[in-house]
Structures are given as structure tokens and as C-alpha cells.
Amino acid sequence: MTEESLAAHTSFTARSHRLSIRDWAFKYSTELQLLAGLAAMIAIFSLLEPSIYPTTANVQNISRQAGVLLVVAIGQMFAITVGGFDLSVGANMGFTSIVTAQAMADHGVAAAIVIGLLTGAAIGLVNGILIAKLRVSPFVVTMAMLTFLTGYGGVRSNGASVIANDPTLKWFGGRDWGFMPSTIGIGIIILLLAVAFTGRTRIGLYVYAIGGSRETCRLAGIPVARYETITYMITGMLAGAGGIMLTARVSVGQTGLGAGFELRSIAAAVIGGAVIGGGKGRLSGVFLGVALMTCLTVGLAVTGVGTFQQQMAIGIALVVAVLISQIRGGSFRQFSDLLPTLKRLFIGFDGQSWRLAGPASKTDTSSDDTA
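Residues numbered from 1 in each chain as written. Predicted model: local features only at pLDDT ≥ 70, side-chain atom pairs only at ≥ 80, totals over all residues. Heavy atoms only, no water.

Undergrad: Looking at this structure, I do not really get the environment of A122. What am I missing?
TA: Looking at the element boundaries, A122 is found in helix α5 (residues 109–133). The spatial distance from the C-alpha of A122 to the C-alpha of Y232 is 9.6 Å, given a sequence separation of 110 residues. (Helix = DSSP H or I, 4+ residues; strand = E, 2+ residues; numbered from the N terminus.)

Okay, structure coming up:
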């Protein structure tokens, strides 16, 4: 090989290497942006509260909270990716916590955990049948399930908390596994199982295919309703797992134990790359979305921001996440795509003064023709 050919080969290899890095960066652009945002957020809160936020105790606190949200957000991502969502996950968690606490008193911890998981899966099964088989809107179904479970949980517990103070149960959310809180340990295990599920199983691949084009999957002979129902079962079971983890952490079962997790899980999944409407979503992004949401809520609490203001911040984050999801999904590819809509819906500018947008009057039309 001559020096010229060697140099050309080296140059081509370098260009190919640069291209692969560029492609990799484009593919994982969401994760890179989340990492940058997470690093900036940690730096800001660490500067604001240097004696609290960057400490080991606070890192463990963040991990402890993130573990539960991670489990629920993984299930929420599956529901979003298949083309829907689940607003009942928080009520599912509260109801499952009551069922688990009551079952533990009669059957022991192991049986109670199994019963809790089956309860969550059964709730997801009902959601899935109504959504996939009967074609009822996911919003209507899961909102109705949220209301029903909140009421039924109160009936089962007579409106009171159910004690679940068994030391064995503490290993599933109330204790640390060495240096690692058990909640984040369970969350990482479920995350790895979910990665294997989406990449190695037929159901996992069908979740993305159905979310991408339900009709195409139906024409290809895929039993769409069956796999969509299974997806909602998985979402419900993971919500139940989150409820069990919270029960182990606080040692009681309560109807309102999972309140707020429905919106936080949707925000974490969408911020992490899941697209409202289905077909897209990566578990690595969900993990970073959960980290971002948890660091935000803990940081606001540490810096003295009130509970109401924290709820406002989560609401803003959810709106921003949905807008980003619409952009990713192609609803608005460029900001310029929004301008005709804004001009049509809100206001117009006639060159001299602002006026309400609307159909041009005859006078305006004649003046334009004259000009």
C-alpha cells in the first residue's frame, strides 16, 4: 500500500468514525440534552444550598424517591408507546397498598406481594379490555378507573390507614441494600428487565409497532387488541409494584398514597422521549426523565419552595413535556409552522396596527384590490 492510498484509507476511516459519532449523537440527542439539563440543575441547586443538596444523605433521598417513580414511569411509557396513557396509576398504587397491607395480616408478606402485583395487573387488564377491545378513549377509561379505585379503596379501608409494619416487607422499599436504597435497586432491576422485554420479546416489539401504526399491524395479522391489553396489564402491574414499595416505605396502606404519580410518571416518560400518540420511547430516556423530575422536586423542597409552588412547577414541566412530545412526533416540525395557526387563531398585523384575526371585510378587500 502506497503512502497516498494509506493516507486516503486513514482519512476515510476517520470520516467514517466521525460520521458514526455524529449519528450516535443524533440518535441519543434526547438523552444528551437530558444529561446536560440534569447537570445544570444539580449545579444550580448545589450552589443555592451547598450544605444540603450535594450531600450523601440527600443523594440517597433522591434515589429513594426516584426508585418508585422509575417503576411507575416505565409502565407509563409502555402505555404511551402503544398509543394511549394511564391516568389511574396513582389510584392503582393507593388501592394496591391497601390490598397488600390487608393481605399481609392474613397471609404473610410473600403472599401479600403476589396478591398486590396481581391486583395491579387486574386493574390494568380492565383498562386494557375497555380501551383495546371496546375502543373507549384511554382518558375516559383511566379517569373513571381513578375515581372508582379512590372510592373503593376508601370503602375497603373504612377511610383509615391500614398498618403494614412487617420487618420483612421493609426490604422492598423501606431499607437500604448496603449503600443503595432498596427502591432504586428494585427500579434498576425492573429497568433491566424492561430493556430485555422490549428488545428480546415479541410483545415488546409489537408495543412499538402498534403505537406506530395500529392499522398496519392489523393488516399484517397481528392481534392488536390482545397485545394492547397485555401492555395495559404490564402498566397496571408496575403501578401495583410502586404501591407495594410505598407501603413498605411508610409502613401503611392508604388510598391517597400514590396521589400525583399519574402526572409525574407521564411527565417523566414524555420528557424522556416517549411521544404522545405512540410509536416512540426509550427506557434510557425515561430513566433520565425520572432523575430530572426527582432532582427538580427535591431541589425545590430543599431551597424552601412551598408545596403549591412545587405543584405549579410540575404542571409547567408537564406542559413543556407535551409540547416537546408534539415536536418530536412531527406535529410542529419548525417554529414557523406555528405562525399561520397563531395568526389565524389570535391576532393579525395589518402593517400599521394590531387587530383581531378574522375574515377580511369587503372594505379591506376593495382597498387591497385598489392598491
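Once you've had a look at it, read on.
Undergrad: What exactly am I supposed to notice about the environment of G128 here?
TA: Its location among the elements puts G128 in helix α5. With relative accessibility at 0%, the residue G128 sits in the buried group. Along the sequence, G128 and M233 sit 105 residues apart, while their C-alpha atoms lie 6.8 Å from each other. Each residue touching G128, except ones within four places of it in the same chain, is listed here: K133, T229 and Y232. (Buried < 20%, exposed > 50% of the residue type's maximum accessible area, 1.4 Å probe, protein only. Contact = heavy atoms within 4.5 Å.)

Undergrad: Please explain the packing of aromatic side chains as it appears in this structure.
TA: Geometrically, a pair of aromatic rings is defined through the distance of the ring centres and the angle of the planes. Evaluation of the coordinates by the stated rule reveals five aromatic pairs. Arranged with centres 5.3 Å apart and planes meeting at 40°, the rings of F45 and Y53 form a pair that is tilted. For the pair F45 and Y53, one class covers both residues: buried. Ring plane angle 35° and centroid distance 5.7 Å describe the contact between F148 and Y152, whose orientation is recorded as tilted. Of the two residues, F148 and Y152 both sit in helix α6 (residues 138–157), four residues apart, roughly one turn of that helix. Taking relative accessible area as the criterion, Y152 reaches 35% and is therefore assigned partly exposed. Positioned above the aromatic ring of F261 is the side chain of R264, whose terminal nitrogen or guanidinium carbon lies 4.7 Å from the ring centre. (Phe/Tyr/Trp six-rings, centres within 6.5 Å; stacked < 30°, edge-to-face > 60°. Lys NZ or Arg CZ within 6 Å of the ring centre and 35° of its normal.)

Undergrad: Explain the side chain of T96 here, please?
TA: Residue position: T96 is located in helix α4 (residues 89–107). Of the residues examined, T96 reaches a relative accessible area of 0% and is grouped as buried. In this structure, T96 is in contact with G116, T119, G120, G240 and I244, ignoring residues within four places of it in sequence.

Undergrad: Explain the nonpolar core here, please?
TA: A general tendency of soluble globular proteins is for nonpolar side chains to be buried together. Counting 57 residues, the largest nonpolar core has I74, M77, F78, M93, F261, V290 and M293 as the members making the most contacts within it. Put simply, the parts of the chain that give this core at least two residues each are α2 (29–48), α3 (56–81), α4, α7 (182–200), α10 (224–250), α11 (261–271), α12 (283–302) and α13 (307–329). In this structure, M104, V109, A112 and A164 belong to the second largest nonpolar core, which totals 12 residues. (Core = buried A, V, L, I, M, F, W, Y, C linked by side-chain atoms within 4.5 Å.)

Undergrad: Would you mind going over the layout of surface pockets with me for this structure?
TA: A probe as big as a water molecule, rolled over the atoms, marks out the empty space that is left. Approximately 450 Å³ is the volume found for the largest pocket. Along its surface, the largest pocket is lined by 17 residues, and K27, T30, G273, K280 and R282 are the ones closest to its centre. Among the secondary structure elements, those contributing two or more residues to the lining of the largest pocket are α1 (3–27), α2 and α12. At three residues, α2 tops the list of elements feeding residues into the lining of the largest pocket. (1 Å grid on protein atoms, 1.4 Å probe; cavity = no way out; pocket = protein on both sides within 12 Å on 5 of 7 lines; lining within 4 Å. Points joined across faces, edges and corners; volume = space filled by probe spheres on them.)

Undergrad: Can you help me understand the pattern of salt bridges in this one?
TA: Note on pairing: side chains with opposite charge can pair once their charged atoms come close. The final tally for this structure, using the stated rule, is five salt bridges. The partner of E31 in a salt bridge is R282, with the nearest N and O atoms 2.9 Å apart. Residue E31 is located in helix α2, and its partner R282 is located in the loop between α11 and α12; the two are separated by 251 residues in the primary sequence. For E31, a relative accessible area of 7% gives the class buried. For R64, the salt bridge is made with D176, and the minimal N-O distance between the two is 3.3 Å. (Salt bridge = Lys/Arg side-chain N within 4 Å of Asp/Glu carboxyl O.)

Undergrad: How should a nonpolar patch on the surface be read in this particular structure?
TA: Taken together, the side chains of L134, V136, F139, V140 and M143 make up a nonpolar region of the molecular surface, amounting to roughly 430 Å² of accessible area. Considering the arrangement of structural elements, one finds V136 in the loop between α5 and α6. (Patch = residues over 30% accessible without salt bridge, like charges linked within 9 Å, V, L, I, M, F, W, Y side chains within 5 Å. Areas by Shrake-Rupley, 256 points an atom, 1.4 Å probe, with all protein chains shown as cover.)

Without other data, these values stay purely geometric and don't point to any function.
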